[in-house]
Amino acid sequence: MSKSFELEYNEPKKSRLDTYLNGELDDLTRSQIQKLIKDQNVLVNGQPVSKTGQKVVANDKITVNIPEEEPIKAVPENIPIEVVYEDQDVIVVNKPQGMVVHPAAGHPDKTLVNAILYHCQINDDDVIRPGIVHRIDKDTSGLLMIAKNNLAKQSLMKQLKDKSNLREYLAIVHGNFKEKKGKITAPLGRSKFDRKKQAVVEDGRHAVTHFEVLEQFEDYSLLKLKLETGRTHQIRVHMQYIGHPVAGDPLYGPKNTLPGKGQFLHAQTLGFEHPRTHEWMQFSIEPPKIFQDTLKQLRSQH
């Protein structure tokens, strides 16, 4: 299915159309944007354009139509991954910070899917790709469950829908709290001002995050967060919404933050009913070294 979205140019100075779109469309390369323009998939004030250097001025309304692309076929790659549990039905891995889960236009290889295909000795990503029943962001580390067959896929997806599984995160966030526990209920959808972001929007999808304060430092707090729903960027947006953005978050946090490799967010605990045996399975994993070292530093300064 093709995608279409609207933008409005609000800068006082003129700009090249391709330059402006390159700054707005984070998930497309400059060459992809130029091809969209040349193929007349970009309209300015309702009129298709084909010149990448066309100027846009204040209040110009820009429509971008992105045709449906052929899915990228993932191939097995010998990438080391930490397998926490595996059997004939499911595999649980500790995804490192910085690894993308799915191949996409900007990340065709070196993804978790590529690594799983190699690990499981599977040459057809039609087997594994649908088995990715939930995701965590590129710069979020931690536990991910993957179905290895249709039985497991249907079971795990139903548990996600029924909210009967367990997904708990650790996060270092900005600021301190008066309360020790809280529940954030705020609907989420794509931001109307920046399509790279999600936001709390009135007509968004129902989203609930529970949090518990574990430790507090001078300017930061360590939280345990439990997902009741699993929307895109849910924890990151919800924490920004209540005024405590995740430290190091390049999209939703302040620039003056803890040094690191992205947001200090880690999927620590994962629990689910095994699809075949119906046994309750629960796993926990410590956060990466940079997370632990940062905590030690915060504790020493407190």
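**Observations concerning unusual backbone geometry**
Glycine aside, residues mostly have negative phi angles, and peptide bonds mostly take the trans form.
Here is step 1 of the chain: Located in the positive-phi region is K163, a residue other than glycine, with phi close to 60°.
Here is step 2 of the chain: Along the chain, K163 turns up in the loop between helix 5 (150-162) and strand 10 (166-174).
Here is step 3 of the chain: Residue classification places K163 among the partly exposed positions, given a relative accessible area of 41%.
Here is step 4 of the chain: The backbone phi angle of H278 is positive, close to 65°, even though this residue is not glycine.

**Here we look at the packing of aromatic side chains**
Here is step 1 of the chain: Counting across every chain of the model gives 5 aromatic pairs.
Here is step 2 of the chain: Arranged with centres 5.0 Å apart and planes meeting at 90°, the rings of Y9 and Y20 form a pair that is edge-to-face. You can see Y9 sitting in the loop between strand 1 (3-8) and strand 2 (15-16) and its partner Y20 sitting in helix 1 (residues 17-24), a full 11 residues away along the chain. The residues Y9 and Y20 share a single accessibility class, namely buried.

**Concerning the nonpolar core**
Here is step 1 of the chain: In terms of nonpolar packing, the biggest core is built from 32 residues, with L112, Y169, L223, L225, I235 and M239 touching the most fellow members.
Here is step 2 of the chain: Sorting the residues of this core by element identifies strand 8 (90-95), helix 3 (112-119), strand 9 (141-147), strand 10, strand 14 (208-216), strand 15 (220-227), helix 6 (234-241) and strand 16 (265-273) as the ones contributing at least two each.
Here is step 3 of the chain: If you tally residues by element for this core, the top one is helix 3, at 5 residues.
Here is step 4 of the chain: Not counting chain neighbours up to four residues away, the residues in contact with L223 comprise Y169, L170, A171, V173, F177, F211, E212, V213, L214 and M239.
Here is step 5 of the chain: The next biggest cluster of nonpolar side chains, apart from the first, holds 18 residues, and it includes L7, Y9, L28 and I62.

Calculation rules
- Residues numbered from 1 in each chain as written.
- Predicted model: local features only at pLDDT ≥ 70, side-chain atom pairs only at ≥ 80, totals over all residues.
- Heavy atoms only, no water.
- Helix = DSSP H or I, 4+ residues; strand = E, 2+ residues; numbered from the N terminus.
- Buried < 20%, exposed > 50% of the residue type's maximum accessible area, 1.4 Å probe, protein only.
- Phe/Tyr/Trp six-rings, centres within 6.5 Å; stacked < 30°, edge-to-face > 60°.
- Core = buried A, V, L, I, M, F, W, Y, C linked by side-chain atoms within 4.5 Å.
- Contact = heavy atoms within 4.5 Å.

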